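Structure at a glance
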Amino acid sequence: MSSGTGVEVGALAARSRAAAVLRVKSAATALAVLPAACAVVLWAGAVGGRLDGTGWDAARLWVAVLAVLALALAGATALLIARAAPAESPAVPVEERAAPALYHLVRELAERLGVPAPAAIALTPDCDSWLEERAAAPGVRAQVLVIGSPFLWWLRVAELRALLAPVVAGTEPAAEPTTAQARKFVRGLDAALATAGPRAPLAHRVLLAVPARLARLLLVRCRGAAADMERYVAAACAERARKVDYGRRITAQEQVGLAYAGWDRLLGRVAVPAWRLGRWPARLDAGVAAALAELSRRDRLAADEQAMRLTEPPASELLEEPELADEAASLLAARLFHGERGGEWRPVSWRDYPREVVERLWRADVARLGEVLGEDGRPCTVARVLEHLTVSDSPPERVGVMAAPPLREGGARGGAPRTTEYAARTEPEIFPETPEEEADRFAHPRAAALAAGLAARVAREETTGGAGATRTSEGVYEGNGGLPLFAPPPVRSGVEVLADHVTSLVCCAAVDAGGAMPGLDWLDGPVLLVDGERVRDLGARVRSLVEDGDSIPLRRWLARVGVRVG
């Protein structure tokens, strides 16, 4: 099948499904006016003297009442659908004077595809791109091309053009009358259900209960046809886009998966700690590019290929002021995924991130550790924690448990090492332990009690994800609009929580001693730097103290970096 034939077949199939959606609308309209039509026939018969008698009088009365109710419900439902504003994805509008090269690329692409060009362009903090009908002017809606902002900083110009080809090709079916009407009808039903949804005021829910139920019934009836319509539209757009940089699009799709992984990792390990402290990284997209470049450098198999890619200019050069666009998208990501913080909500640069985020994060953990430990206002010191957690100065033995194997070089015991390096937060376990199983992992009951207290304290603090974002019982953070925004990390075990807090205490002590400083790893988040080098053997030593009560490996490390324990 040729490309032109494939496009025509897909377009015809999409129009057929769109007509099926509109038939649901027409059937609902016909059903609503049917009682009124019957009432008109009955009253006309009475006027002509053909339908007289007590039975006909009663029938006319009941049919007239039914017609009024049906028209009232139909009118209320139509009014609800017409007045409901379709939801628009959060995005940063990009004016043409701020990105003339990007607009030129999109219009040239539309011309090559033989489709109308989008009316405007917007950026969204997500690894996706789509066409969306948005308000271009008061009372005027137009097709807007929404581009994921990480793509501009990671993809090259040719890759971005190839990636956007199927998206831009969607402007033609969006302008086709039957498809456009079907989409408008489905969007109206969605918006109507949101208007009368569970988050609406109680009075609205009561008044709109029946119209909302009718709208839901219509949406259920046309959902399958609408899904098929969109599937055929996507197939037609993909077939049309085959003639534009098809080979480059395959490479671009590979980079999209890599960009998504880097974006998700940067948000989880770098952005979320800053958001919880009231800071939002002002250059998230640049951070994604740096993280992916670092990942490519560490991957020896892909290093040469990525090095060749990175010699080409990034797509962000299509913007006149990429720094401002990155900052706007970063602020939108913070508001979207975490919520507003009022006057405490301030940007932070990557240069200041270690001081304003990493060190503050560590010291917040130290303060929490001191409060749970019961320091009564005294500073929480490394010596106090070592004394509290240490069982003896020799490798411990638990009652009924085989003695731990001898210590290996670097602090890890025999068998598989606990960890290879320190990151700000250890990975949560896949299968949570019961409280009894977790308590058995500690060599001393004081460690188990301290871990339980810290875990409970952290759980209470994480029930709210900051001002404007709350955590529901399902474990999803919700913003001011009630939308599910950001899934929280899995709940850490008591061992992991205690190890993280002790690690923060040790890091603060090393920084205060002057031999270390906080740092940022693009892939792992907060790290500790000693003499400019990342510390990679601290995690195993802390776990030895926390789980086994053996402080010797950690004491040796502290002495090496110049921290006096006493």
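Definitions and cut-offs
Residues numbered from 1 in each chain as written. Predicted model: local features only at pLDDT ≥ 70, side-chain atom pairs only at ≥ 80, totals over all residues. Heavy atoms only, no water. Helix = DSSP H or I, 4+ residues; strand = E, 2+ residues; numbered from the N terminus. Contact = heavy atoms within 4.5 Å. Areas by Shrake-Rupley, 256 points an atom, 1.4 Å probe, with all protein chains shown as cover. Patch = residues over 30% accessible without salt bridge, like charges linked within 9 Å, V, L, I, M, F, W, Y side chains within 5 Å. Salt bridge = Lys/Arg side-chain N within 4 Å of Asp/Glu carboxyl O. Core = buried A, V, L, I, M, F, W, Y, C linked by side-chain atoms within 4.5 Å. Buried < 20%, exposed > 50% of the residue type's maximum accessible area, 1.4 Å probe, protein only. Expected span 1.5 Å × (residues − 1). Polar contact = N/O pair within 3.5 Å; in protein donor to acceptor, adjacent residues only side chain to side chain. Pairing = 2+ DSSP bridges. Axes fitted to C-alpha atoms, helices over the stretch in contact; angles between N-to-C directions. Parallel < 35°, antiparallel > 145°, perpendicular 65-115°, else oblique. Nonpolar A, V, L, I, M, F, W, Y, C, P; charged D, E, K, R; others polar.

Okay, the overall build of the chain next. Of regular secondary structure, the chain possesses 20 helices and 12 strands. Expressed as a percentage of contacts within the chain between residues at least 6 apart in sequence, the contacts between residues at least 24 apart total 73%. Accessible area for the chain stands at about 28400 Å²; split by element, carbon and sulfur atoms hold 58% of it.

Before going further, it helps to examine a nonpolar patch on the surface. The grouping of Leu-73, Val-210, Leu-214 and Leu-217 at the surface amounts to a nonpolar patch, some 310 Å² of accessible area in total. Counting residues per element, the nonpolar patch draws most heavily on helix α9 (residues 209-241), which supplies three residues. Note on placement: Leu-214 falls in helix α9.

Following the sequence through the fold, Val-348 ends up in strand β6 (residues 346-348). In this structure, the C-alpha to C-alpha distance between Val-348 and Arg-283, residues 65 residues apart in sequence, is 8.7 Å. In this structure, Val-348 is in contact with Arg-279, Trp-280, Pro-281, Ala-282, Tyr-353, Glu-356 and Val-357, ignoring residues within four places of it in sequence.

The subject of this paragraph is the nonpolar core. Counting residues in each nonpolar core, the largest one holds 129 residues, and the members touching the most others are Leu-160, Trp-275 and Leu-528. By residue number, the principal contributor to this core is helix α18 (residues 494-512), which donates 12 residues. By size, the runner-up hydrophobic cluster in this structure holds six residues, among which are Ala-36, Ala-39, Leu-51 and Val-63.

Residues three or four positions apart in an α-helix share a direction because the helix packs 3.6 residues into each turn. In this model, helix α7 (residues 177-195) (19 residues) spans 27 Å end to end at C-alpha, consistent with the 27 Å of a helix rising 1.5 Å per residue. Within the sequence span of α7, burial applies to Thr-179, Ala-182, Arg-183, Phe-185, Val-186, Gly-188, Leu-189, Ala-191, Ala-192 and Leu-193. At the N-terminal end of α7, a side-chain oxygen is found 3.2 Å from the backbone nitrogen of Thr-178, two or three residues along, and the residue is Glu-176.

Overall, antiparallel pairing links the three strands, which are arranged β10-β11-β12 in an open sheet. Among the strands making up the open sheet, the edge pair consists of β10 (516-521) and β12 (533-534). Taken together, the six bridges between β10 and strand β11 (residues 525-530) define a ladder with antiparallel strand orientation. Each bridged residue has a counterpart across the sheet, and for Pro-518 the counterpart in β11 is Leu-528. Along the sheet, α18 contacts β10 and β11; its crossing angle with β10, the most-contacted strand, is approximately 125°.

Next up on the list: the environment of Ser-493. Structurally, the position occupied by Ser-493 is in the loop between β9 (484-486) and α18. Judged by its relative accessible area of 15%, Ser-493 is buried. Taking the C-alpha atoms as reference points, Ser-493 and Ala-455, separated by 38 residues in sequence, lie 7.3 Å from one another.

Our next topic: the packing of helix α19 (residues 538-548) against helix α20 (residues 552-560). Following both chains from N to C, one finds α19 and α20 inclined at 135°, their axes separated by 8 Å at the closest point. What the angle tells us is that α19 and α20 run oblique. Contacts between α19 and α20 involve Leu-538, Arg-541, Val-542, Ser-544 and Leu-545 from the former and Pro-553, Leu-554, Trp-557 and Arg-560 from the latter. When its residues are assigned to classes, the contact of α19 with α20 shows six nonpolar, one polar and two charged.

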